[in-house]
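# Fold and geometry: a report
These are the residues of each chain, in order.
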2 protein chains.
Amino acid sequence: MSEYEKAYKPEDITRLFVERANKGDATGVAELYAEDAVVAFPPGQITQGREAIRKLWEMAMTRNPKFEPEEPLPTLINGDIALTSTPPKDGTGARAQVVRRQPDGSWLRILDQPEFIQPK
Amino acid sequence: MSEYEKAYKPEDITRLFVERANKGDATGVAELYAEDAVVAFPPGQITQGREAIRKLWEMAMTRNPKFEPEEPLPTLINGDIALTSTPPKDGTGARAQVVRRQPDGSWLRILDQPEFIQPK
């Protein structure tokens, strides 16, 4: 059983992401994603699945990146699907994530476009 | 029955949107949205439902706006949900749309964030 705090609002994921990424907690970051989630990263590539996402973060965290909290746009919700999005501070264009409500009422990311830079 | 071309790939919607918007066809644009779709427009507000979206476009088209085709990022797909996104040419930050596969295999928009500007 996971002991991580769950996201009971879509925008909780955005906050928990920054908290866990700044602690270097790759497992905690991966827990914010659905088992079959798809992330458009590294640039020009796709990472699919929670375990692959955890490994991606484990690798990224060896460089000790720091994330600033960024003010997201208002969440758009349609039934059990929501779109969270953020104009980022770091010049990567934008971030957008699709989150899905789970049977227990919490939300997980199913699709993640962390930057809006055209792949070369 | 609608005689409009359907989108059998998520990115078709992006293309059909520009074609129909430039013809001033508000009904055709609205046909790209699900009955319960949610659009973050006008700025700082929400428009919900295909008929409300059609009216929004009918009003917007009295100003005869012209849309340039913009190159979208690769579509992210997870089952019947996909995320389409575009770094826009017009300085509005970004565009992101969630599209859902319909029982006939075509796709409709269910959530639309047409610009990434923080509401005041």
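Just so it is clear, the structure is predicted and the values come from calculations on it, not from any experiment.

Rules used throughout
- Residues numbered from 1 in each chain as written.
- Chains lettered and ligands numbered in written order.
- Predicted model: local features only at pLDDT ≥ 70, side-chain atom pairs only at ≥ 80, totals over all residues.
- Heavy atoms only, no water.
- UniProt positions renumbered as here; feature names shortened; annotations may be inferred.
- Helix = DSSP H or I, 4+ residues; strand = E, 2+ residues; numbered from the N terminus.
- Salt bridge = Lys/Arg side-chain N within 4 Å of Asp/Glu carboxyl O.
- Buried < 20%, exposed > 50% of the residue type's maximum accessible area, 1.4 Å probe, protein only.
- Contact = heavy atoms within 4.5 Å.
- Buried area = accessible area lost by both parts, 1.4 Å probe.
- Polar contact = N/O pair within 3.5 Å; in protein donor to acceptor, adjacent residues only side chain to side chain.
- Nonpolar A, V, L, I, M, F, W, Y, C, P; charged D, E, K, R; others polar.

## Looking at the UniProt feature "domain: SnoaL-like" (unreviewed entry) in chain A
Here the UniProt feature "domain: SnoaL-like" (unreviewed entry) sits at residues 16-85 of chain A. With 34% helix and 24% strand, residues 16-85 of chain A has end C-alpha atoms that lie 15 Å from one another.

## Quick notes on the pattern of salt bridges
Evaluated as defined, the whole model comprises 20 salt bridges over all chains. A salt bridge links Arg15(B) to Asp12(B), with the nearest nitrogen and oxygen atoms 3.7 Å apart. Residue Arg15(B) and its partner Asp12(B) are located together in helix H1 (residues 10-22), separated by three residues, close to a single helical turn. Residue Arg15(B) is classed as partly exposed on the basis of its relative accessible area, which comes to 36%. Overlapping salt bridges bring together Glu5(A), Asp12(A), Arg15(A) and Glu19(A) as one network.

## Let's talk about the interface of chain A and chain B
Many analyses report the size of an interface as the accessible area lost when the parts associate. Across the boundary between the two partners, chain A contributes 33 residues, which contact 33 residues of chain B. Approximately 2,400 Å² of surface area, both sides summed, lies buried where chain A meets chain B, with 68% of it carried by carbon and sulfur atoms. Our enumeration of links across chain A and chain B arrives at zero salt bridges. On the surface where chain A and chain B come into contact, there are four residue pairs in polar contact (both at pLDDT 80 or more). Taken together, the elements giving at least two residues each to the side of chain A that touches chain B come down to strand E1 (33-39), strand E3 (76-78), strand E4 (81-86), strand E5 (95-101) and strand E6 (107-113) of chain A. Among the residues forming the side of chain A that touches chain B, the class breakdown is 21 nonpolar, six polar and six charged.

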